[in-house]
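Chain and residue survey
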Amino acid sequence: MISFVLAIVALILGYAFYSKFVEKVFGIEPDRTPPSIEYYDGVDYVQVSTPKAFLIQFLNIAGTGPIFGAIAGALWGPAAFLWIVFGCIFGGAVHDFLIGMLSLRNKGSSIGELVGQNLGVVMQQIMRVFSIVLLLLVGVVFIKSPADILHNLIPGVSAMTFTIIIIAYYILATILPLDKIIAKIYPIFGFALLFMAIGIGTMLIYGQFTGAFAIPEVTEIFKGNPHPKGTSMFPYLFISIACGAVSGFHATQSPMVARCLKNETEGRKVFYGAMIAEGVVALVWAAAAMTVFGGIKELAAAGTPAVVVNKASVQLLGVFGAFLAVLGVVACPITSGDTAFRGSRLIIADIFKIKQSPIKNRFLIAIPLFIVGIYLTTIDFNIIWRYFAWANQTLAAVSLWTATVWLVKKGKPFVFALIPSMFMTMVVTTYIVIAPEGFVRFFKNVPVHTIEFYGILIASIVTIICTALLFNYKHHLHSHSTENLKVAK
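Residues numbered from 1 in each chain as written. Predicted model: local features only at pLDDT ≥ 70, side-chain atom pairs only at ≥ 80, totals over all residues. Heavy atoms only, no water.

Some words on the overall build of the protein
Tallying secondary structure elements over the protein gives 18 helices and zero strands in all. Relative to a compact globule of 489 residues, whose C-alpha radius of gyration would be 23 Å, the protein shows 22 Å and is just as compact. In terms of overall dimensions, the protein has a C-alpha envelope of 75 × 50 × 45 Å along the principal axes. Looking at the protein as a whole, 57% of its 489 residues are labelled buried. A sequence separation of at least 24 residues applies to 85% of the contacts in the protein between residues at least 6 apart. Working note: accessible area of the protein is about 20,100 Å², and carbon and sulfur atoms make up 70% of it. Between the mean site of the 33 positive side-chain charges and the mean site of the 22 negative ones, the protein shows a separation of 4 Å. (Helix = DSSP H or I, 4+ residues; strand = E, 2+ residues; numbered from the N terminus. Rg over C-alpha atoms; globule rule 2.2 N^0.38 Å. Buried < 20%, exposed > 50% of the residue type's maximum accessible area, 1.4 Å probe, protein only. Contact = heavy atoms within 4.5 Å. Areas by Shrake-Rupley, 256 points an atom, 1.4 Å probe, with all protein chains shown as cover. Lys, Arg positive; Asp, Glu negative; His and termini not counted. Charge placed at Lys NZ, Arg CZ, Asp CG, Glu CD.)

Some points on a nonpolar patch on the surface
A surface patch of nonpolar side chains, amounting to about 680 Å² of accessible area, comprises Phe453, Tyr454, Leu457, Ile458, Ile461, Ile465 and Leu469. Relative to the elements of secondary structure, Ile458 occurs in helix α18 (residues 448–488). Judged by its relative accessible area of 37%, Ile458 is partly exposed. (Patch = residues over 30% accessible without salt bridge, like charges linked within 9 Å, V, L, I, M, F, W, Y side chains within 5 Å. Salt bridge = Lys/Arg side-chain N within 4 Å of Asp/Glu carboxyl O.)

As for the pattern of salt bridges
Overall, the coordinates contain ten salt bridges when judged by the stated rule. The residue Arg105 makes a salt bridge to Glu29 at a minimum N-O spacing of 3.6 Å. Here Arg105 is found in helix α5 (residues 79–105), whereas its partner Glu29 is found in the loop between α1 (2–26) and α2 (35–38), with 76 residues between them in sequence. Residue Arg105 is classed as buried on the basis of its relative accessible area, which comes to 16%. Here Lys223 makes a salt bridge to Glu220, at a shortest N to O gap of 3.3 Å. Look at Glu220 and you get partly exposed, because its relative accessible area is 32%.

A word on unusual backbone geometry
Geometrically, the link from Phe234 to Pro235 is a cis peptide bond, its omega value of 10° lying close to zero. As for its placement among the helices and strands, Pro235 is situated in the loop between α9 (182–206) and α10 (236–240). Phi is positive for Lys107, which is not a glycine, with a value near 65°. Residue placement: Lys107 occurs in the loop between α5 and α6 (111–119). One non-glycine residue with positive phi stands out, namely Lys353, at about 55°. Structurally, Lys353 is set in the loop between α14 (305–352) and α15 (359–376).

As for the UniProt feature "domain: CstA N-terminal" (unreviewed entry) in the protein
Annotation from UniProt places "domain: CstA N-terminal" (unreviewed entry) at residues 4–202 and 290–428. The span residues 4–202 shows a helical share of 78% and a strand share of 0%, and its end C-alpha atoms are spaced 12 Å apart. (UniProt positions renumbered as here; feature names shortened; annotations may be inferred.)

So, the layout of surface pockets
In this structure, the second largest pocket occupies an estimated 450 Å³ of space. Considering the residues around the second largest pocket, the lining is formed by 18 residues, among which Tyr45, Arg259, Ala349, Asp350 and Lys353 are closest to the centre. Broken down by secondary-structure element, the contributors of at least two residues to the lining of the second largest pocket are α6 and α14. Sorting elements by how many residues they give to the lining of the second largest pocket places α14 first, with three residues. Taken together, the residues that form the lining of the second largest pocket break down as five nonpolar, five polar and eight charged. (1 Å grid on protein atoms, 1.4 Å probe; cavity = no way out; pocket = protein on both sides within 12 Å on 5 of 7 lines; lining within 4 Å. Points joined across faces, edges and corners; volume = space filled by probe spheres on them. Nonpolar A, V, L, I, M, F, W, Y, C, P; charged D, E, K, R; others polar.)

Thoughts on empty space enclosed by the protein
Counting across every chain of the model gives two cavities of 30 Å³ or more. The volume enclosed by the second largest cavity comes to roughly 50 Å³. Lining of the second largest cavity is provided by Ser110, Ile111, Thr252, Pro255, Met256, Arg259, Gly343, Leu346 and Ile347. Breaking the lining of the second largest cavity down by element, the ones donating at least two residues are α11 (250–258) and α14. Among the residues making up the lining of the second largest cavity, the classes are represented as five nonpolar, three polar and one charged.

Some points on the packing of helix α8 (residues 159–175) against α15
Interhelical geometry of α8 versus α15 gives an angle of 145° and a closest axis separation of 10 Å. The way α8 lies across α15 gives a crossing that is right-handed. Between α8 and α15, the contacting residues are Ile167, Tyr170, Ile171, Thr174 and Ile175 on the first element and Ile359, Arg362, Phe363, Ala366, Phe370 and Ile374 on the second. Classifying every residue of the contact of α8 with α15 by side-chain character gives nine nonpolar, one polar and one charged. (Axes fitted to C-alpha atoms, helices over the stretch in contact; angles between N-to-C directions. Left-handed = near helix turned anticlockwise from the far one by under 90°.)

Regarding the packing of helix α3 (residues 50–61) against α11
Where α3 contacts α11, the axes come no closer than 10 Å and their chain directions differ by 160°. The pairing of α3 with α11 is recorded here as roughly antiparallel in orientation. Here α3 and α11 pass one another in a crossing that is right-handed. Here Ala53, Ile56, Gln57, Asn60 and Ile61 of α3 lie close against α11, whose contacting residues are His250, Gln253, Ser254, Met256 and Val257. (Parallel < 35°, antiparallel > 145°, perpendicular 65-115°, else oblique.)

With respect to the packing of aromatic side chains
If you walk through the whole model with that rule in mind, you get 22 aromatic pairs. Their ring planes at 80° and their centres at 4.7 Å tell us that Trp83 and Phe238 sit as a pair that is edge-to-face. Here Trp83 is found in helix α5, whereas its partner Phe238 is found in helix α10, with 155 residues between them in sequence. We classify Phe238 as buried; its relative accessible area is 11%. Ring centres of Phe234 and Phe423 lie 6.3 Å apart, and the angle between their planes is 65°; on these two criteria the pair is classed as edge-to-face. A residue pair is termed long-range when its members are at least 10 positions apart, and Phe234 in the loop between α9 and α10 and Phe423 in helix α17 (residues 415–434) qualify at 189 residues. With a relative accessible area of 24%, Phe234 lands in the partly exposed category. (Phe/Tyr/Trp six-rings, centres within 6.5 Å; stacked < 30°, edge-to-face > 60°.)

Brief notes about helix α12 (residues 267–291)
Residues spaced three or four apart along an α-helix face the same direction, because each turn holds 3.6 residues. With 25 residues, α12 extends 36 Å between its outermost C-alpha atoms, agreeing within 8% with the 36 Å of an ideal straight helix rising 1.5 Å per residue. In α12, a bend of some 30° at Gly273 exceeds every other bend along the element. The element α12 is extensively covered by neighbouring structure, given that 22 of its 25 residues are classed as buried. (Expected span 1.5 Å × (residues − 1). Bend = angle between axes of the 7 residues up to and from the residue.)

Laid out in C-alpha cells, this is it:
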C-alpha cells in the first residue's frame, strides 16, 4: 500500500519539478507563431483550448497499453511500480515533451520528418515506413481489444458487431476535422477514463484489501523474480509496460496535437502532463492486478487482460461501478485507435506533400489504410500484439536519439535525454535478439541463459556504438564551430 501511494506522489512531484527542468533546457519561445495559426487549414491545423489539447493528447496515448500492459507487467510484482515511476518521469514524459515541442517548432512535422532532420535521410525513409506500420498495428490492436471488452460487457452483442461499429467511427475520426468530432466527444471518454482510474485507485487504498490481498511493497523485489514462468525481468518487463512508462507510439501522436496548440507555453502541461497522467493509470491497474486475485500466480491463472479488467472492476466497484469503469477502459483503446489511423494519414500526407483541406484527398489516403487494417484484424491478436510491442519500443529509442541529437546541435545539456536513449536501445536490442519472434528462433537447442547473455552483450555493443557516434558528432560540431570562429577573426 505504501509503495503504491508513494509511487503516485512521485509521479506528481516529477511533473511539478522535473518537467520544469526539461522545459527550461529546451527553451520555450512564447512569442513564436505556432503552426495552428501559421498553417491553419481547418482540418488538422486548428486551435483548441489547453484543457482540450491535454485531453486529446492523454486519450490519444492512453490506449490499452497502460491497462493491458500494466496487467502483464504485474506478473513481475512491484518492480512494475519502479519502472512506471522512473520510466515515466525520466523517460516517457521527456520523450513525449521533446518530440511534441520539436514538432511544434517544425510546422507540426510528423516523427519521420523530425528523424530525417536530425538523423539523416536514410533514417528518415526507414522511420517513415516504420511509423506507418506501427500505427496500422496500433489501429488493428485497438479495433480488436475494445470490441472484445464490449462483447464481454454486453454478451448479447457479438464482437463482430462491435468491430464494425468501431471501424465506422474510426473512419469518421480519420476524415473529419479534428475539432468536429474528436474534440467534441473526447470529454465524454475522458470522464469515463478518469472515473475508472479514480474509482479503482480509491477502492485499492480504502477498500477491504488487507493481509494476503494487500498491495505488495517494493521490498518484495529482493525476494527474487516472482514471475510464474520464470521469465526474466530484463528486457520483458520494459517491453510489456510501454504506455505508462516509455512508448514510441506517443511520438506519432504528439505532432498531431502540436498542430493544435496556441502557444509553446502549453507544451509542458499537454505533453509532459499527459504522460504523467497515463503513468497514474498504469500504476492503478498494476496494483489492481497484483491485489484483487490474491497473488501473482492467481493473476496468471485469471485469464486474458480483458477478463482481468472485468473481474477486477466488479470486485472493486460492484456491477454498476464496474460497468462505468470498463467503459473507461474501452475509451482508452478507442481514443488511440482513431488517432492511429488519423496519424497514418498525416504521415503519408507529409511524405507526398498532399494537401488535406480537400476531403477527397483525405479519402484517397484513408481508404487504402483501412483496407489493410481490416485485413490485419483477421490475424491472431497475440501475434499482432507481440510485433506491436517490439516496434513500439524501437520507435521510442529512435525518437529519444532524435531529440538527443537536436539538443547536441543546439548546444544544450543533453545527458537527461541521452540516458533514456541508451537504456531503451539496450532494451529493444536485447529483446530483438532473445524474444521468440526475434533472432533466437534461428538458433536451436541453445540454453536460455546463453542466449540472454549474448543478447545483453550485443545490446551493450550497439548502445556503445550509438553513444560513441553521438559524441563524435558533438566533437565534429565543436571543431567546425571553432574553425568558423577562427575564419571570422
